[in-house]
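Here is how the chains run, residue by residue.
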Amino acid sequence: MTGACADNTNKRLTVGLLAHVDAGKTTLSEAMLYTAGALRKLGRVDHGDSFLDGETLERERGITIFSKQAKLAWEGADITLLDTPGHVDFSAETERTLPVLDLAVLVISAADGIQSHTETLWKLLRRYRIPTFLFINKMDLAIRSREEILALLSSRLGPGLVAMPGSSLNGWRGTVSYAQDTGGAAQPADEESLFDALTLASESLTERLLENGTLTDADIASAVADREIFPCYFGAALKNDGVDALLNGLTVYGTSAVPAEAANAPFGARVFKIARDPNGDRLTFVRITGGQIKVKDEVYCAAADAAKDRTCAGKADQIRLYSGAKFTAVQAAEAGMVCAFTGLADTRPGMGLGAEADGDEEVLEPFLSYRAVLPAGKEPRLVYEDLAQLAEEDPKLSVSLDKGTGEITVRLMGQVQMEVLERLAEDRFGYPLTFDSGRIVYRETIADTVEGVGHFEPLRHYAEVHLILEPGEPGSGLIFDTCVSEDVLDRNWQRLILSHLAERELRGVLTNAPLTDMKITLAAGRAHKKHTEGGDFRQATFRALRQGLMKAKSVLLEPFFAYTLEVPADKVGRAMTDIQRMDGTMEGPAQTGDAAVLTGRAPAAKMKDYALEVMNYTGGRGRLSCQLDGYGPCKDAEEVIEETGYDAERDVNDPADSVFVSHDGSDIVPWDQVEQKMHLPLTLKKRGTDGEETDSTDGQPDGSLKDRAAAFVDSAASDAELMAIFERTYGPIRTNPLTSPGKAGKEKQRMMERRQKAAGANGPKKGQGDSPKKKHTKIPDGPEHVLIDGYNLLHANEEWAKLMDSDIEVARARLQDVLANYAGFTGSTVTLVFDAYKRVPGPGSREDVHGVDVVYTKEGETADVFIERMVYELGKSERMRVVTSDGLIQTLTLGHGALRTSSREFLHELAAIEEAIRDALAEQG
């Protein structure tokens, strides 16, 4: 049989073989290698001499445990086969290979049909959009005809499955010829039947057939690449029947050769496997996605925005092309090749190298946790280091060590993987290692939005971090973000905080389970120019996270299965009762012949052993298919939490308390008292004891801003002086009853009285906001006194800064008008301080301008000195807040108990108040 056209020369294909265990996948790979001449004789899995199952464990158990690769050539195409594990316990290993595949062959046993894991693999292939061929194996043992099997597959997997000619077992064999006058189109014996099947499955092929009167190989290949059709081949791998037809189909209808742009692009590669050779050398298996790499070239991790941000993983000391256990060392590797590098450290499956980006998070993950039982006298830390080496090869193991108890836990998919891990530990490390019975891996999330605060300030250290914790969509995982201006906290500190959050698995406060489905946003942070180090922010970040979790309403999540339960019709009542007992949901039953089918979701903890029960009460006629379907709220949360016995407040490895400096060294402040001592104001509204929302201490307008603006406009309607300011700020106002200048003095007095009254109702509340850095001085009650560094604030506004260059007097007058609105709106006392250096030298001045205390310092006195002296004199009797971005003033005034706000933050506050006033004026016409 001739299988490929001449234009397939130098085509490189990476083909993955996937199947449920015992479907004959490894036997098929053996037959493909033998048929292509890569093997001299056929090995057998049951004889323990198959080419790809070279590990002792694999030959003993007769299953594939580790993905393997082999090379063959067929009709001008260089094919790399990746044989993947079929057992469900090693499905994560299978998923890791999918992103590097050009094509996949899904092997299905004709005798057993579609198994539960087969449907899982089919969904994974769809998720990664991999063109897929099906090989229906063991046709010599099938009791159904080819047509019946195809109909059954289509009912379970969906449309697009098309039987291709090639097998003589329990079906028909079509002969294929390639003639020059047919344009390279396949010409089977019953071409019309094949074309009919193809056009029924693909609209694009229907259009092609109507336009051209025939279908070419390129037409069919395009439909395969777009996953519109899925070619199906029938045969028996053990008898080497139908294998040549499959190879022809892969080369004829598979993807085209590596595009020129990929070959000429910068080097890029995707890591899909980490292993070690018999000498202990670390191997990084990759698929080259672009460009070329040579021996001794430096290899960088996934490309960043700038070269300086990229991390070098090492040099490619060797480039190996593996086929089975043997390899060939080459000097260079090109796009489309699958190879292994030695000499690279810190690589992991899914990582991108060079120009290739990191891959998406894998779907499959273990839902069982096992605790290691260490041999007598073995140090837990050393065992942990050994298991961490295995976790490099399988990151889903998630090996963790509790430093307090010395307990080591791993996550596994099931009993078989646990037994394999025990054997690997003994073979590789030389000591016996066992595990206890598996427990369900729970997760935690939150149900409300909170702000977590972390402060770390022992002697000569300083960092404070505020994090906003928000619940996310189910299945969204953890999302990290920042909303802090670089003027407030340098970019490098912000990136460091976010990297700390991503560097390890974050855990909750209910059972110490991993966190998920949350968005964590950096909302505020502060560093010290002299005393802050990177480790300070690490401490403050995790303390902020834990403090927020302690405040939040945490939710315990458990894994759920999506199940398909098929039972005889007379057993459907029992099945529905069982599902209800397991707190599951169900759809159906749907009748399929003499069987009933139920589908839905149920907790994995209650359904994981149900398959055996189904087999018992149905006499072997029932079948349960399950696959992990995310997490949901745990039905028995209280029992699980109590059983765990975890106490977050006593967790010394992950504390929620903060550290503040004191005269004696440092004080540990409990998490529920941190907010009274922190240095930065809260960015979220706090709730009072009555459940009503109150303003945060940073003076930012809250949700009642519109109502307050309307009330302020109403009160100002009788004040001629403020009305004039409004007109200068927002333009003329048509309705103005203030026509008598003589009323101004009385109205101004009433305005000041209203300010005092408003301050009592709307002013900042006691106990919130900054506290002194040294001795924790009680912040006085009463109206807030805002001290503003005038020129600093003018320079922070781009428009005002430009105005200062042309007319500084106009700029100052503009600022005074805006602050007059602010003072009347908030009821605060406002002191605006200008340095004397921009005025005629003299003794300075102080005057009331529209209710704002405007100060020009005397000759030789700076605004810094004046503000510090004023805070010192009034800080014990008034609530002082200093508005400036000058770090020196902030530091000096903090010691006297003043709150601090940067100029840019205060500009946002002013803008919000002005907008609210403007809207209120517009509503009044």
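Remember, predicted model here, so these are calculated numbers, not experimental data. (Residues numbered from 1 in each chain as written. Predicted model: local features only at pLDDT ≥ 70, side-chain atom pairs only at ≥ 80, totals over all residues. Heavy atoms only, no water.)

Novice: Would you mind showing me how to read the overall build of the protein chain here?
Specialist: Within the protein chain one finds 27 helices and 40 strands. Residues counted as buried form 51% of the 925 residues belonging to the protein chain. Contacts spanning at least 24 positions in sequence make up 71% of the contacts within the protein chain whose residues lie at least 6 apart. When the accessible surface of the protein chain is totalled, it reaches about 41600 Å², and 49% of it is carbon and sulfur. (Helix = DSSP H or I, 4+ residues; strand = E, 2+ residues; numbered from the N terminus. Buried < 20%, exposed > 50% of the residue type's maximum accessible area, 1.4 Å probe, protein only. Contact = heavy atoms within 4.5 Å. Areas by Shrake-Rupley, 256 points an atom, 1.4 Å probe, with all protein chains shown as cover.)

Novice: For this particular structure, what's the right way to read the packing of helix H13 (residues 491-502) against helix H14 (residues 534-551)?
Specialist: Two numbers describe a pair of packed helices, the interaxial angle and the distance between the axes. It is the contact of H13 with H14, at a shortest axis distance of 9 Å, that shows an interaxial angle of 55°. Taken together, the axes of H13 and H14 lie oblique to each other. The two elements H13 and H14 meet at a crossing, and its hand is right-handed. Taking contact as the criterion, the partners of Trp493, Leu496, Ile497, His500 and Leu501 in H13 are, on H14, Gly534, Phe537, Arg538, Thr541 and Phe542. Grouping the amino acids of the contact of H13 with H14 by side-chain chemistry returns 6 nonpolar, 3 polar and 1 charged. (Axes fitted to C-alpha atoms, helices over the stretch in contact; angles between N-to-C directions. Parallel < 35°, antiparallel > 145°, perpendicular 65-115°, else oblique. Left-handed = near helix turned anticlockwise from the far one by under 90°. Nonpolar A, V, L, I, M, F, W, Y, C, P; charged D, E, K, R; others polar.)

Novice: What is the right way to read the sheet that holds strand S4 (residues 103-109) from this model?
Specialist: Each strand in a sheet pairs with another by means of backbone hydrogen bonds, the pair being arranged parallel or else antiparallel. Here we have 7 strands laid out as an open sheet, ordered S2-S3-S1-S4-S5-S7-S6, and mixed in their pairing. The open sheet terminates on both sides in strands that have one partner only, identified here as strand S2 (68-74) and strand S6 (161-163). Adjacent strand axes in the sheet meet at a mean angle of 25° when their direction is disregarded. Sheet topology places strand S1 (residues 11-19) next to strand S3 (residues 77-83); 7 bridges connect them, and they run parallel. (Pairing = 2+ DSSP bridges.)

Novice: I'm lost on the nonpolar core in this one. Help?
Specialist: Nonpolar side chains tend toward joint burial in soluble globular proteins. Formed by 44 residues in total, the largest nonpolar core has its most connected members in Leu387, Val410, Phe435, Tyr563, Leu565, Met607 and Tyr610. Ranked by residues supplied to this core, first place goes to strand S27 (residues 554-568) with 5 residues. Residue contacts for leucine 387: discarding those within four places in its chain leaves Val399, Ile408, Val410 and Leu433. Counting residues in hydrophobic clusters, the runner-up holds 42 residues, among them Leu17, Leu39, Phe133 and Leu194. (Core = buried A, V, L, I, M, F, W, Y, C linked by side-chain atoms within 4.5 Å.)

Novice: Would you explain the side chain of threonine 618 in this entry?
Specialist: The topology assignment puts threonine 618 in the loop between helix H17 (610-617) and strand S30 (623-633). Filtering out sequence-adjacent residues up to four positions away, threonine 618 remains in contact with Val567, Pro568 and Lys571.

Novice: Hey, could you run me through the pairing of strand S17 (residues 368-373) in this one?
Specialist: Looking along a regular strand, one sees side chains alternate from face to face of the sheet. When S17 meets strand S19 (residues 408-412), the two strands line up antiparallel, connected through 4 bridges. Following the sheet pairing, leucine 368 is matched in S19 by leucine 412. Alignment of S17 against strand S21 (residues 439-440), held across 2 bridges, turns out to be antiparallel. Looking at the pairing, serine 369 lines up with arginine 439 of S21. With 2 bridges joining them, S17 and strand S20 (residues 434-435) adopt antiparallel strand pairing. Residue alanine 372 lies in a different strand from S20, and its bridge partner there is phenylalanine 435.

Novice: Just to check I follow, could you spell out the pairing of strand S23 (residues 450-456) for this structure?
Specialist: The buried count for S23 comes to 7 of 7 residues, which makes it a mostly enclosed element. Where burial is concerned, the two faces of S23 agree: the one with Val450, Gly452, Gly454 and Phe456 and the one with Glu451, Val453 and His455 are both buried. In this structure, S23 lies alongside strand S24 (residues 463-471), joined through 7 bridges in antiparallel fashion. By the bridge assignment for S24, valine 453 is matched with histidine 466. Hairpin connection of S23 to S24: 6 residues between the antiparallel strands, including arginine 460 at a positive phi of 65°.

Novice: Explanation requested: a negative patch on the surface in the structure shown.
Specialist: Taken together, Glu638, Glu639, Glu642 and Glu643 make up a surface patch of like negative charges. Note on placement: glutamate 638 falls in helix H18 (residues 637-644). (Patch = residues over 30% accessible without salt bridge, like charges linked within 9 Å, V, L, I, M, F, W, Y side chains within 5 Å. Salt bridge = Lys/Arg side-chain N within 4 Å of Asp/Glu carboxyl O. Lys, Arg positive; Asp, Glu negative; His and termini not counted. Charge placed at Lys NZ, Arg CZ, Asp CG, Glu CD.)

Shape descriptors only; they carry no functional weight alone.
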